Structure formats: structure tokens, C-alpha cells
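# Chains, contacts and geometry: an overview
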Amino acid sequence: MIRRRALAALIVVGVLAGLGPVLPAYPLTLITQALIFGILAMSLDVLLGYTGLPSLGQAAYFGVAAYAVALLATERQVGLVGCAAAGIALAAVTAAVFGVVAIRARGTYFLMITLALGMVVWGLAHRWVTMTQGDNGISAIPRPDLGLPWSLAHSIPFYYFALAGFLISFWILLVIVRSPFGRTLVGIRESESRMRTLGYHVWLHKYIGFVIAGGFGGFAGVLWAYYNGFVSPTDLQLATSVEVLLMVALGGRGTLLGPALGATIIVFLKNLVSVYTHRWLLILGAVYIATIVYAPEGVVGAVIQWARRTRTGQLRSEA
């Protein structure tokens, strides 16, 4: 089983690596967007899928890091390492502060608190004009110079840059969720009282998971700032957090691969369907409703359940 998964992972990585020179520019940019939002969706999955904390504030860490990169790259001419470190650190610190307020709440209350905290950050980006330029945003963010023969200003090199960031994030998050700490988060999701009885510090585990999710959300924001070359309050608005929540639910929470797949589906729906109709949100809503009705565990969850039923049927037939 492990060998099959490793082989499947190598095939997927090989396919993604081979898409760069083959695809036209537009589909390649959509896949680049999907990789970036896949990181953001996986960061939320640490909360929603593994810890059982539904958040509507993930766009705050995404936007905070993007603004950090925009300000440092345009006003201070800071390089990639400095911008990335500052963006991720600022997002993690923001999550650490917000976590103190939010973690003690549960269910709908946690959802509403994260929504309120996210709106506070959006309000700062919207009103703090001297720092963020308000609705005008910060533009002309230069892409980093890695000192390589090819420039990230072109779509293909930046696609591989985003792909590397996605694979690194996926690997680190996979190590985290499969570690004893990650198993503890799953136990907290299933029953907080039982884990507390067993002697685990439930609040601390949830708080650390919250900060980890904020840090990886910040990493996605770093990549987005370089990719888009423009940051505005739109990146921090409620709609962004809702989209990310839909990505996790659509792909399958608690799987890491599911949120990445959900991000790909929503990015392509958003960009391709909107070409033909302005009511693309209705189509997205219909897709989401169909998923909830026919695949409540998401696309990846449905595939896993189908594979288990097939395997069980085969074992019974052999018996």
C-alpha cells in the first residue's frame, strides 16, 4: 500500500512537472493559482479537517503576509528570503494573537469569532490608507530574482516556483498531521473531553495547530503577492475565506489532498465559467450542494469510501 501511494505521488509530481512546457499560458496561470490556493486550503484543513475548528478568518493571514511582501519589496527592495520570512512570521504572530481570543470558543461561536477577527484585519487594510493605500492597493510588486538563468517574471519559471512551494508545504503538513501531534489533533476533533481525561493539554494543542495554520496561510500569501504583483483589501475579504472553506469541503476535509483538489476545481470554475456567465457563483453553489448531498466527505472522501467498498466486496467474493 505504501509503495502504491509513493508511486502514485511520483506520477502526480511527474505530470505536474511536465505541464510547464506543454500547456498554453492561460491554463498554466490557472494551475499556478490553484497551487497557491491549494496551500491556503491545506492550511485551513489543519483546523477544519484535523482539529474540527471551522474558521472564516484564514484570508486574514493570507492578506497580512501578502501586504508584508508588497511593502518590503516595493519600498525597501527586500529580497525573497527577507520578504518570505517577514510575511510568514507576521502571519504566524497574527494567528498567535487571534488564537488566544478564539481557541476557547467552540462550534458556531468559534466560526463567528474568526469571522470578526478577519473583518478587523480587512478593516485595517481598507482604512489604513497611509500604509496599505486603501482600495487602490499596492501594485508593481517585483518578482524575486533567484540568481538563476531564467527569470520568474515569465509564467513557466514561476509555475515551477509555485509548484516547489506547494510540494514543500504538502510534505511538511503531511509530516505534521501524521506525527503524534497530528494524531492528537484528530483525537481532539473526535472528543475533546476524552483527550482531556487522558491527560492531553487540549487548549495548547489547538492553539499550536491554529498558529501552524496561520503560518502556512501566510506562506500562500507570500506566493500570491509575487504571482499577482498586486495586493488589495479584496484579498482579505470574507469572500476569500468562504472560497477557501468551500475548497476544503468540496475536496474532502482531513486529507490534505482533498483541499488541494478542491482549490483546483474552484479556481477553474471561477475563471472559466465566469467567461460565459456572470452568475458563475450559482454554478459553484450548485456544485457544492451536489457534493454535500452525494459526497458529504468531499470528492476525495467519496473516492476513498468507494475504494473501501470495492475492496470489501472483493474480499467477500474471494471468501
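Everything below is about the structure shown above.
Note that this is a predicted model, so its numbers are computed, not measured.

## Considerations on the pattern of salt bridges
Counted under the stated rule, the structure contains five salt bridges. When the shortest N-O distance is used, the salt bridge between Lys 206 and Glu 192 registers 3.0 Å. Taken together, the residues Lys 206 in helix α10 (residues 202-228) and Glu 192 in helix α9 (residues 192-197) connect sequence positions 14 residues apart. Overall, the relative accessible area of 4% leaves Lys 206 in the buried class. Glu 243 is the salt-bridge partner of Lys 270, the closest N and O atoms lying 3.3 Å from each other. Taken as a pair, Lys 270 in helix α12 (residues 257-276) and Glu 243 in helix α11 (residues 238-251) lie far apart in primary sequence, 27 residues in all. Lys 270 gets classed as partly exposed once you look at its relative accessible area, which sits at 33%. Among the charged side chains, a network of salt bridges with common partners joins Arg 106, Glu 192, Arg 196 and Lys 206.

## A word on the environment of Lys 206
Each C-alpha atom, one on Lys 206 and one on Leu 185, is 7.1 Å from the other, the two residues being 21 residues apart in sequence. In contact with Lys 206, not counting residues within four places along its chain, are Thr 51, Leu 53, Ile 103, Ile 188 and Glu 192.

## Topic: the nonpolar core
Counting residues in hydrophobic clusters, the biggest one holds 83 residues, and the most contacted among them are Ile 36, Phe 37, Ile 141, Leu 173 and Phe 210. For this core, the leading source of residues is helix α2 (residues 25-48), giving 14 residues. Those residues in contact with Phe 210, other than ones at most four positions away along the chain, are Leu 47, Tyr 61, Ala 95, Phe 98, Gly 99, Ile 103, Phe 110 and Thr 114.

## Some points on unusual backbone geometry
The residue Gln 77 is not glycine, and still its phi comes out positive at about 55 degrees. For Gln 77, the position within the fold is in the loop between α3 (58-75) and α4 (80-102). A positive phi angle is found at Gln 133, which is not glycine, with a value near 65 degrees. When you line up the elements, Gln 133 lands in the loop between α6 (129-132) and α7 (155-178).

## Observations regarding the layout of surface pockets
Roughly 310 Å³ of volume is contained in the second largest pocket. Every residue lining the second largest pocket is counted, 16 residues in all, and those nearest its centre are Val 64, Leu 90, Val 121, Leu 124 and Trp 128. Listed by contribution, the elements that provide at least two residues to the lining of the second largest pocket are α3, α4, α5 (107-127) and α6. Of the residues forming the lining of the second largest pocket, the biggest block, five residues, is contributed by α3. Looking at the lining of the second largest pocket residue by residue, the classes come out as 13 nonpolar, three polar and no charged.

## Some thoughts on α3
One turn of the α-helix equals 3.6 residues, which is why residues spaced by three or four share an orientation. Helix length check: α3 (18 residues) gives 26 Å between terminal C-alpha atoms against 26 Å at 1.5 Å per residue, within 8%. Of all 18 residues in α3, 15 are buried, a share of seventy percent or more. Once α3 ends, the next one or two residues include Gln 77, with phi positive near 55 degrees.

## Concerning the packing of aromatic side chains
Scanning the model with the defined rule gives twelve aromatic pairs in all. Ring centres 5.6 Å apart and planes at 35 degrees place the aromatic pair Phe 37 and Phe 62 in the tilted group. Separated by 25 residues along the polypeptide, Phe 37 in helix α2 and Phe 62 in helix α3 bring together distant segments of the chain. In this pair, the class of Phe 37 matches that of Phe 62, namely buried. Both rings, one in Trp 224 and one in Tyr 227, keep their centres 5.4 Å apart while their planes meet at 40 degrees; by these two values the pair is tilted. With Trp 224 and Tyr 227 both in helix α10 and three residues apart, this pair spans about one turn of that helix. Relative accessible area serves as the criterion here: at 9%, Trp 224 is assigned to the buried category. An aromatic cluster is defined as three or more aromatic residues linked by ring pairs; in this entry it consists of Phe 37, Phe 62, Phe 158, Phe 161, Trp 224 and Tyr 227. Sitting above the plane of the Phe 158 ring, Arg 143 keeps its charged end 4.2 Å from the centroid.

What counts, and where the lines are drawn
Residues numbered from 1 in each chain as written. Predicted model: local features only at pLDDT ≥ 70, side-chain atom pairs only at ≥ 80, totals over all residues. Heavy atoms only, no water. Salt bridge = Lys/Arg side-chain N within 4 Å of Asp/Glu carboxyl O. Helix = DSSP H or I, 4+ residues; strand = E, 2+ residues; numbered from the N terminus. Buried < 20%, exposed > 50% of the residue type's maximum accessible area, 1.4 Å probe, protein only. Contact = heavy atoms within 4.5 Å. Core = buried A, V, L, I, M, F, W, Y, C linked by side-chain atoms within 4.5 Å. 1 Å grid on protein atoms, 1.4 Å probe; cavity = no way out; pocket = protein on both sides within 12 Å on 5 of 7 lines; lining within 4 Å. Points joined across faces, edges and corners; volume = space filled by probe spheres on them. Nonpolar A, V, L, I, M, F, W, Y, C, P; charged D, E, K, R; others polar. Expected span 1.5 Å × (residues − 1). Phe/Tyr/Trp six-rings, centres within 6.5 Å; stacked < 30°, edge-to-face > 60°. Lys NZ or Arg CZ within 6 Å of the ring centre and 35° of its normal.

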